[in-house]
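# What the coordinates show
Spelled out from the first residue to the last, the chains are:
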Amino acid sequence: MPPKKAPARGLTQLKKELDEGTFRSLYLLYGSERYLIRQYKELLLSKLVTDGDTMNFSSYQGTAADIPTILNDVRTMPFLAERRVVLVEDSGFFTKSVDELTDGLDDIPDTSVLIFVEPDIEKSSGMTKAVDKRGRLFKLFDKAESAFAFDSPDAATLVSWITGRLSETGKKIEKAVPQRLLASAGMDMQTLSSEMDKLISYTLERDAIRVEDVEAISVSVIEDKVFDMVEAIATKDKNTSLQLYSDLLSLREPVMKILYLISRQYQILAQVAEMHQDGTPRESMAKLGGFPPFFLKKYESQASAYTFKQLLSACDACLTADYSIKTGQLSDRNALERLILDLLEL
């Protein structure tokens, strides 16, 4: 049977349980923040699985996750160990009807631990949810209080995290460093973690980390060029738009990444425009839109060049370009170049 309910199921509670050696029979780690999901997955495995114990640990990925095999594994008693652990990643089970699996988890033994890792799926058109909370399988985990959501933190939380992480070096951290890092690298925790590692190495021989150090190792060049390209498109400046596109190609950026960044930009602009239409307070817009507050003014300025209908059309055009590439109708470069020309005609 699934484990009894615990007093709480926040991430703080989960961390406390793992530190105390208290384990559940079921875990579902899901949401948009892949960095945190991976951290907790690795923490779980480090607590539950002995290094080299292949007899009592099995893992399945994507379409290799076969329901009868998973159920057989979790019903098998451990061999000379306290637990049998089964890890299933990116299965897609939480977006469809899987009654065989849902019914089969009603009677797993206490000696088994089944971990599902189902982060949201990143596509060029944005993030797609990997978990449908209306499904029976999710409801089983939810009722057992074994479903843990890892959503992207807001800017204030990220500033605090960056400050704490950099302060561990013992260096003096200039006050504006965390926000400048957010402006440069965005709000993805994996990217921020990599940038902090670079920043620490870059300042290894110094006793302080300053804003100019962040600028020296900045990853914002690509994002800045995409922002400038959308700005040029909005003002119908075809020559500048195509020059910026050429600059991006010269930086050897994958076409699909450029498409993703353009798509993300227009999605944000559409969100900002919609929030203005709905009368959303400005102080709430950045949090709802998932971007740093100091970007809001720039996004508002860019969105004002379009009607809301035009922004929705731009988002649709990005989806069409993505579909054309993935179905082989157009090469990636042809699709992206056609998209830029279509956006200039809006």
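Residue numbers here run from 1 along each chain, matching the order of that chain's written sequence. The predicted origin of the model limits local features to residues at a pLDDT of at least 70 and limits the giving and counting of side-chain atom pairs to 80 or more, whereas totals for whole chains, interfaces and linings rest on all residues. Note that the side-chain values use all heavy atoms of the structure and ignore hydrogens as well as water.

## Observations regarding the packing of helix H12 (residues 255-278) against helix H13 (residues 282-289)
The cut-off we apply is this: Axes, fitted as lines to C-alpha atoms, cover a helix only where it is in contact. Angles between the N-to-C directions of the axes lie from 0 to 180 degrees. Secondary structure follows DSSP: runs of H or I at least 4 residues long count as helices, runs of E at least 2 residues long count as strands, and numbering of each begins at the N terminus. Helix crossings are classified by the rotation of the near helix relative to the far one: an anticlockwise turn of less than a right angle makes the crossing left-handed, while a clockwise turn makes it right-handed. Between two residues, a contact is recorded if the distance between any of their heavy atoms is within 4.5 Å. Polar here means any residue outside two lists: the nonpolar Ala, Val, Leu, Ile, Met, Phe, Trp, Tyr, Cys and Pro, and the charged Asp, Glu, Lys and Arg; Gly therefore counts as polar.
Where H12 meets H13, the axes come as close as 10 Å, and the angle between the chain directions of the two elements is 145 degrees. As for how H12 packs across H13, the hand of that crossing is right-handed. Of the residues in H13, those in contact with Gln271, Met275 and His276 of H12 are Met285, Leu288 and Gly289. Considered class by class, the residues forming the contact of H12 with H13 number three nonpolar, three polar and no charged.

## Thoughts on helix H16 (residues 332-344)
What counts, and what does not: Expected span of a helix: the number of residues minus one, times 1.5 Å. Classification of residues uses two cut-offs on accessible area relative to the type maximum, computed with a 1.4 Å probe and protein chains only: under 20% is buried, over 50% is exposed, and between them is partly exposed.
Relative to the 18 Å expected for 13 residues at 1.5 Å per residue, H16 spans 19 Å between its end C-alpha atoms, a close match to the ideal helical length. Turning to H16, its buried residues are Ala335, Leu336, Leu339, Ile340, Leu343 and Leu344.

## Here's the deal with the packing of aromatic side chains
As a reminder of what qualifies: Classification of ring pairs uses Phe, Tyr and Trp, with its six-membered ring standing for Trp, and accepts pairs whose centres are within 6.5 Å; under 30 degrees between planes counts as stacked, over 60 as edge-to-face, and the remaining range as tilted.
Under the criterion given, the structure shown has 13 aromatic pairs. Plain terms: the ring middles of Phe93 and Phe116 are 6.4 Å apart, the flat faces sit at 75 degrees to each other, and that makes the pair edge-to-face. One end of the pair, Phe93, is in the loop between strand E3 (84-89) and helix H4 (99-104); the other, Phe116, is in strand E4 (residues 112-119), and 23 residues separate them in sequence. Judged by relative accessible area, Phe93 falls into the buried class, the value being 5%.

## Things to note about the nonpolar core
Under the convention used in this document: By nonpolar core is meant a set of buried Ala, Val, Leu, Ile, Met, Phe, Trp, Tyr and Cys residues that side-chain atoms within 4.5 Å join together.
Core analysis: the biggest nonpolar cluster contains 43 residues, and Ile262, Tyr266 and Leu336 have the highest contact counts within it. Of all the elements in the fold, those that place two or more residues in this core are helix H10 (220-234), helix H11 (238-250), H12, H13, helix H14 (296-303), helix H15 (308-326) and H16. In this structure, Tyr27, Tyr40, Ile115 and Phe148 belong to the second largest nonpolar core, which totals 38 residues.

## Points about the side chain of Arg165
Within the element layout of this structure, Arg165 appears in helix H6 (residues 155-167). Residue classification places Arg165 among the buried positions, given a relative accessible area of 19%. Beyond its immediate stretch of four places on either side in the chain, Arg165 contacts Tyr35, Ser193, Met196 and Asp197.

## Considering the confidence of the model for the protein
Our working rule: One confidence number per residue, pLDDT, is output by the predictor and ranges from 0 to 100.
Averaged over every residue, the pLDDT of the protein is 87; the share at 70 or more is 94%. Residue range residues 1-8 is modelled with pLDDT below 50. Its contacts to residues more than four positions away, or to other chains, number 27 contacts.

## Details of the sheet that holds E4
Note the following rule: Should DSSP find at least two bridges between two strands, the strands are regarded as paired.
Read across the sheet, five strands follow the order E2-E3-E4-E1-E7 without closing on themselves; strand pairing throughout is parallel. Lying at the two open borders of the sheet, with one neighbouring strand each, are strand E2 (57-61) and strand E7 (147-149). With direction set aside, neighbouring strand axes in the sheet form an average angle of 15 degrees. Of the strand pairs in this sheet, E2 and E3 are connected by five bridges, and their pairing is parallel. If you follow Phe57 over to E3, its bridge partner there is Val85. Against the sheet, helix H3 (residues 67-75) touches E2, E3 and E4, its axis set at about 155 degrees to E3.

## Observations concerning helix H1 (residues 11-20)
Operational definition: To obtain the arc, one takes the directions from the helix axis to the C-beta atoms.
Taken residue by residue, H1 has Gln13, Leu14, Glu17 and Leu18 as its buried positions. On an axial view of H1, the arc spanned by its buried residues comes to 135 degrees, and they lie on one face. The inward-facing, buried residues of H1 contact strand E1 (26-31), helix H2 (34-48) and E7. Phi turns positive, to about 80 degrees, at Gly21, one or two residues after H1.

## Details of the pattern of salt bridges
This is how it is decided: Each salt bridge in this description consists of a side-chain nitrogen of Lys or Arg and a carboxyl oxygen of Asp or Glu lying within 4 Å of one another.
Per the stated rule, a full pass over the model turns up 18 salt bridges. Across the pair Glu195 and Lys198 runs a salt bridge whose closest N-O atoms are separated by 3.0 Å. Of this pair, Glu195 and Lys198 both sit in helix H8 (residues 189-202), three residues apart, roughly one helical turn. Glu195 sits in the buried class, given a relative accessible area of 4%.

## Notes on the pairing of E3
One face of the sheet, then the other: side chains in a regular strand alternate in exactly this way. Stated formally: Note on handedness: a crossover is taken as right-handed if, strands pointing away from the viewer, the path from the first strand over the helix to the second is clockwise.
Counting buried residues along E3, six of its six residues qualify, which places the element largely inside the surrounding structure. Neither face of E3 is exposed, since Arg84, Val86 and Val88 on one face and Val85, Leu87 and Glu89 on the opposite face are all buried. For the handedness criterion, the β-α-β arrangement of E2, H3 and E3 is classed as right-handed. Where E3 lies against E4, six bridges are found, and the strand directions are parallel. When the bridges of E4 are listed, Leu87 appears paired with Ile115. Note that the unit made of E3, H4 and E4 has a crossover that is right-handed.

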